[in-house]
Amino acid sequence: MVREGAPGWQSGGVSQIDPKIDALIPEWMYIPDIAEQWGVVVTKVRRLVDDRTLIGVRRGENNALQVPAAFIGPNGTVKGICGLLTLLRDSGFSDEEALEWLFTDDPSLPGTPAQALNENRGTEVKRRAQAMAL
């Protein structure tokens, strides 16, 4: 992962997705669909993106705001994702770099860090993220 000279990709809390990173992420969810699943108003989900609790990007033909489906549980965010995103940002990762790391296969996990979070293996993912921060 190249971290030097990363382009300014963030704009007003919402990013445009790089095609290379977009290809890593198997499924996306629209903000209204997340709100409906959680039984909350759309503005509550949008606030999570604006507050950078979740990563949202503009993508697709309509440039619609979307969030990786791997971050979304049945009643809220997947356990550990919000803290992990904060840890990665505090370590100097851009949203783009965080998405790349979360959705790139790691044979030693196995799978991707995002898959590990969804399989309740968040402790190991957090440990790896903390080690990268050193």
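Predicted, not measured: the structure shown is a model, and the values here were computed from it. (Residues numbered from 1 in each chain as written. Predicted model: local features only at pLDDT ≥ 70, side-chain atom pairs only at ≥ 80, totals over all residues. Heavy atoms only, no water.)

**Some points on unusual backbone geometry**
For residues other than glycine, phi is negative in most cases, and the peptide bonds are mostly trans. For clarity, the cut-off: Helix numbering and strand numbering both begin at the N terminus, where a helix is a DSSP run of H or I of at least 4 residues and a strand a DSSP run of E of at least 2. Relative accessible area decides the class of each residue, using a 1.4 Å probe on protein chains only: under 20% of the type maximum gives buried, over 50% gives exposed, and in between gives partly exposed.
A cis amide bond links L109 with the next residue in sequence, P110, at an omega value of -15°. For P110, the position within the fold is in the loop between α5 (95-102) and α6 (113-118). Although it is not a glycine, N63 adopts a positive phi angle of roughly 55°. Here N63 is to be found in the loop between β4 (57-59) and β5 (64-68). A relative accessible area of 33% places N63 in the partly exposed class. The phi angle at N120 is positive, at roughly 60°, despite the residue not being glycine.

**What about helix α4 (residues 81-90)?**
Selection rule: Whether two residues are in contact is decided by their heavy atoms: any pair within 4.5 Å suffices.
Residues I81, L84, L85, L87, L88 and R89 constitute the buried set of α4. As for α4, its buried residues are in contact with α5, α6 and α7 (122-133). In the segment just after α4, G92 is the residue with positive phi, at about 100°.

**With respect to the pattern of salt bridges**
Under the convention used in this document: Every case where a carboxyl oxygen of Asp or Glu lies within 4 Å of a side-chain nitrogen of Lys or Arg is listed as a salt bridge.
Following the criterion strictly, the structure yields 9 salt bridges and no others. In this structure, R59 engages D22 in a salt bridge whose closest nitrogen and oxygen atoms are separated by 2.9 Å. Remark: D22 occurs in helix α1 (residues 19-24) and R59 occurs in strand β4; sequence separation between them is 37 residues. On the accessibility criterion, R59 (19% relative accessible area) is buried. A relative accessible area of 21% means that D22 is categorised as partly exposed.

**Some remarks on the environment of N75**
Inspection of the secondary structure puts N75 in the loop between β5 and α4. A relative accessible area of 72% means that N75 is categorised as exposed.

**Brief notes about the environment of L117**
As for its placement among the helices and strands, L117 is situated in helix α6. A relative accessible area of 7% means that L117 is categorised as buried. The sequence separation of L117 and A70 amounts to 47 residues, and the corresponding C-alpha distance is 8.5 Å. Other than its neighbours up to four places away in sequence, L117 contacts V78, K79, I81, L84, L102, G122 and V125.

**Some details on the confidence of the model for the protein**
Short version of the rule: Confidence of the prediction at every residue is given by pLDDT, a number between 0 and 100.
Confidence in the prediction for the protein averages 88 pLDDT; 87% of positions are at 70 or higher. The secondary-structure element of the protein with the lowest mean pLDDT is strand β1 (residues 10-11), recorded at 38, while helix α2 (residues 31-38) shows the highest, at 98. Of the regions scoring below 50 in pLDDT, residues 1-12 engages in 21 contacts with residues more than four places distant in sequence or in other chains.

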